[in-house]
Amino acid sequence: MSLAELICPAGTPAALRTAVDAGADAVYCGFQDATNARNFPGLNFTPEELEEAVAYAHARGAKVLLALNTYPPAGKVDLWRQAADSGARFGVDAFIVADMGVADYIARNHPGVRLHLSVQAAASSPEAIRYYAQHFGVKRVVLPRILTIPEIRKIRQEIPCEIETFIFGNHGLMVEGRCSLTNYLTGQSTNMDGVCSPASEVEYIRDEATGTMSSCLGGFTIDRFGPEEKAGYPTICKGRYTAPHRPEGYYAFEEPVSLNLSRLLPDLIGAGVHAFKIEGRQRSKAYVRSVVSAFRRAVDDIRAGRAANIEDLVALTEGQKQTQGAFETKKWR
Amino acid sequence: MTVEHGATLPPRPPGAGALARLASSMAQPILGRIARRVAARHASLFARLGAHQNTDYVIDPVELPFALHLRPDPQALLFRAVPRDALPAAGATIRGRFLMLLELLDAEVDGDAAFFSRDLEITGDTEAVVRLRNALDDVDGSIAEEAAAMFGPPGRAILGHLRRKYSDDAMPRGE
Ligand code: SF4
């Protein structure tokens with residue numbers, strides 16, 4: 001049976017402590033800059049905070065994984081190199097990388113630190129994963145959320161490294177690592193600047209008369225919620241649009257919905273998945289506490305041969321709806 | 001498209017006139033003291049606010065007879081109660097039920113979830129709100145309890161009463 005490590009998000013030092021105390025096996029986090037894909041205002045760690053966080057986690061038997069999972073624009077790779085050097089100096093347990101140049105730099109300069117391949121690298125075939133494992137010594141791949149469990153089982157048999165899959169959280173999966181929708185409206189890149197729908201470009205407009213709320217990005221309205229409707233993130237992939245064949249407006253790409261694989265955990269373990277990832281570095285300590293404790297109990301139950309009693313986490317999901325996505329069936333959308 | 005039904009915020013209360021003015025002036029000295037204490041004990045939260053230390057936030061607890069005006073400038077901290085007919089020009093407005101705002105402050109409730117369920121409304125500068133949320137979320141412990149403790153056992157009793165009252169009020173919403 002695989003270890004079924006629980007990999008948990010932390011956007012702040014307090015969230016990291018919350019995750020560790022709630023039973024995370026490892027916590028992933030990033031610096032306050034474009035080197036990671038949650039470069040949100042007021043979020044993330046200063047170098048001093050990361051150093052303290054590593055000490056806190058290690059003292060309690062948890063690991064810290066540093067996300068360096070964006071792509072350096074030409075000529076700006078120094079920021080990523082410095083981040084890797086700092087992470088290695090502070091004793092992080094692994095780097096989560098997407099860019100080959102960053103992977104190569106770490107493999108050469110910090111060979112003692114594990115490399116995990118970010119979902120942002122979108123490596124979904126045995127050939128691609130083997131390439132990263134052979135050339136950069138990648139020890140674990142975080143699989144894109146587009147594979148069924150039988151497909152994951154098959155990949156596991158054909159690669160020389162561990163597999164991590166998302167089990168809960170945001171479900172925006174339009175060609176992970178290659179989505180340019182935000183770029184199109186705001187000029188900022190999810191994959192290079194580390195932020196999808198930057199908050200500075202987001203505006204919510206409430207119509208007092210009707211109670212509707214419009215979600216706007218870069219000056220464009222991307223959704224409008226009636227007074228009784230649940231809302232989602234202001235990302236273009238979850239926007240509602242009119243088209244000649246759907247003049248009433250519809251979710252052209254995806255609906256506001258979150259991934260929740262709590263019921264599939266035994267199947268994932270059976271398929272050889274080594275680690276379960278919870279999305280949400282942008283979320284609060286309240287989210288981290290609830291989701292991490294619920295999955296901690298579930299994984300412990302399964303490891304002990306008991307049926308997992310999964311708590312209802314739907315209140316924390318986007319649009320207050322959840323899906324098992326492609327893990328259950330390719331027909332999910 | 002699935003449309004799910006849930007609670008939305010009640011219509012904005014008037015919060016104007018003599019009563020609102022009286023209530024806000026009574027709350028004023030308490031709010032000032034709370035803000036100064038929290039700022040002194042959690043100085044690191046200002047770094048996460050960045051340039052938004054100078055933003056005027058209006059925090060609008062829908063059931064109270066007044067709203068709150070916060071300018072988190074460490075050099076000239078401002079936290080005051082304001083009648084709704086005398087609100088300053090807000091850089092960002094955060095609106096919701098009082099208990100929910102209190103729970104958000106204490107990381108008992110997740111801000112994104114409250115936004116998804118439409119229990120929390122934000123308007124104005126979204127980056128300012130995100131920074132404030134992240135800054136407060138990095139504070140360990142309960143800011144509400146710290147504030148209540150400043151006023152000794154009566155302070156704690158009032159906080160307990162408010163929590164009970166507002167959770168009871170929230171119950172019939174069936175969520
Ligand atoms: S628009 Fe959607 S799919 Fe694209 S990066 Fe943002 S969240 Fe991901």
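Residues numbered from 1 in each chain as written. Chains lettered and ligands numbered in written order. Predicted model: local features only at pLDDT ≥ 70, side-chain atom pairs only at ≥ 80, totals over all residues. Heavy atoms only, no water.

Asks: In this structure, what is going on with the overall build of chain A? I would like to understand it.
Replies: Along chain A, the regular secondary structure elements total 10 helices and 15 strands. Compactness check: chain A gives a C-alpha radius of gyration of 20 Å against a globular reference of 20 Å for 333 residues, within 12% of the reference. Projecting the C-alpha coordinates of chain A onto the three principal axes gives extents of approximately 60 × 50 × 40 Å. Within the span of chain A, comprising 333 residues, buried residues form 61% of the whole. For chain A, the exposed area adds up to about 12900 Å²; of that, 51% sits on carbon and sulfur atoms. Of the side-chain charges in chain A, 37 are positive and 38 negative, and the distance between the mean point of each set is 4 Å. (Helix = DSSP H or I, 4+ residues; strand = E, 2+ residues; numbered from the N terminus. Rg over C-alpha atoms; globule rule 2.2 N^0.38 Å. Buried < 20%, exposed > 50% of the residue type's maximum accessible area, 1.4 Å probe, protein only. Areas by Shrake-Rupley, 256 points an atom, 1.4 Å probe, with all protein chains shown as cover. Lys, Arg positive; Asp, Glu negative; His and termini not counted. Charge placed at Lys NZ, Arg CZ, Asp CG, Glu CD.)

Asks: Explain the domain arrangement of chain A to me, please; I cannot follow it from the model alone.
Replies: One frequent convention defines the size of an interface as the accessible area lost when the parts assemble. Residue and element names in this part refer to chain A. When cut into domains, chain A gives domain 1 (5-171 + 257-332) and domain 2 (181-251). Relative placement of domain 1 and domain 2: their C-alpha centres are 27 Å apart. Counting residues at the interface gives 20 residues for domain 1, matched by 12 residues for domain 2. Approximately 1200 Å² of surface area, both sides summed, lies buried where domain 1 meets domain 2, with 51% of it carried by carbon and sulfur atoms. On the domain 1 side of the interface with domain 2, the three residues burying the most area are Tyr71, Glu318 and Gly319, jointly 32% of the side's total. (Domains from an automatic or database assignment. Contact = heavy atoms within 4.5 Å. Buried area = accessible area lost by both parts, 1.4 Å probe.)

Asks: In this structure, what is going on with the environment of B:Arg131? I would like to understand it.
Replies: Residue and element names in this part refer to chain B. Tracing the backbone shows Arg131 in helix H5 (residues 126-137). Looking at Arg131, the relative accessible area reads 19%, which means it is buried. For the pair Arg131 and Pro29, spaced 102 residues apart in sequence, the C-alpha to C-alpha distance is 26 Å. At 2.8 Å, the side chain of Arg131 forms a polar contact with the backbone oxygen of Arg48. (Polar contact = N/O pair within 3.5 Å; in protein donor to acceptor, adjacent residues only side chain to side chain.)

Asks: Got a minute to help me understand the pattern of salt bridges in this structure?
Replies: Side chains that carry opposite charge are capable of pairing whenever their charged atoms lie near each other. All names here are of chain B. Under the counting rule described, the total for this entry stands at 31 salt bridges over all chains. Linking Arg48 and Asp138 is a salt bridge whose minimum nitrogen-to-oxygen distance equals 3.3 Å. Of the two residues, Arg48 sits in helix H2 (residues 45-49) while Asp138 sits in the loop between H5 and helix H6 (143-149), which places them 90 residues apart along the sequence. By relative accessible area, Arg48 is classed as buried at 5%. Note that Arg95 and Asp60 form a salt bridge whose closest N and O atoms lie 3.8 Å from each other. Here the residue Arg95 occupies a position in strand E4 (residues 92-96), and Asp60 occupies one in strand E1 (residues 57-61), the gap between them amounting to 35 residues. (Salt bridge = Lys/Arg side-chain N within 4 Å of Asp/Glu carboxyl O.)

Asks: Just to check I follow, could you spell out the sheet that holds strand E8 (residues 202-206) of chain A for this structure?
Replies: Backbone-to-backbone hydrogen bonds pair the strands of a sheet. The strands run either parallel or antiparallel. Residue and element names in this part refer to chain A. The strand order across the open sheet formed by 3 strands is E8-E9-E10, and the pairing between neighbours is antiparallel. In this open sheet, the two edge strands, each paired with only one partner strand, are E8 and strand E10 (220-225). Taken over all neighbouring pairs, the strand axes of this sheet differ in orientation by 25 degrees on average, direction set aside. Pairing analysis gives 5 bridges linking strand E9 (residues 213-217) to E10, with the strands arranged antiparallel. (Pairing = 2+ DSSP bridges. Axes fitted to C-alpha atoms, helices over the stretch in contact; angles between N-to-C directions.)

Asks: Teacher, can you tell me more about the interface of chain B and chain A here?
Replies: If you look at the interface, chain B gives 37 residues, while chain A gives 47 residues. Between chain B and chain A, roughly 3500 Å² of surface is buried when both sides are summed, and carbon and sulfur atoms account for 46% of that area. Linking chain B with chain A are 5 salt bridges, by the criterion used here. Taking the shortest distance from any N to any O, the salt bridge between A:Glu49 and B:Arg48 comes out at 3.0 Å. Contributions of two or more residues to the side of chain B that touches chain A are made by helix H4 (111-116), strand E5 (120-124) and H5 of chain B. Looking at the side of chain B that touches chain A element by element, the count peaks at 7 residues for H5(B). Taken together, the residues of the side of chain B that touches chain A break down into 11 nonpolar, 10 polar and 16 charged. (Nonpolar A, V, L, I, M, F, W, Y, C, P; charged D, E, K, R; others polar.)

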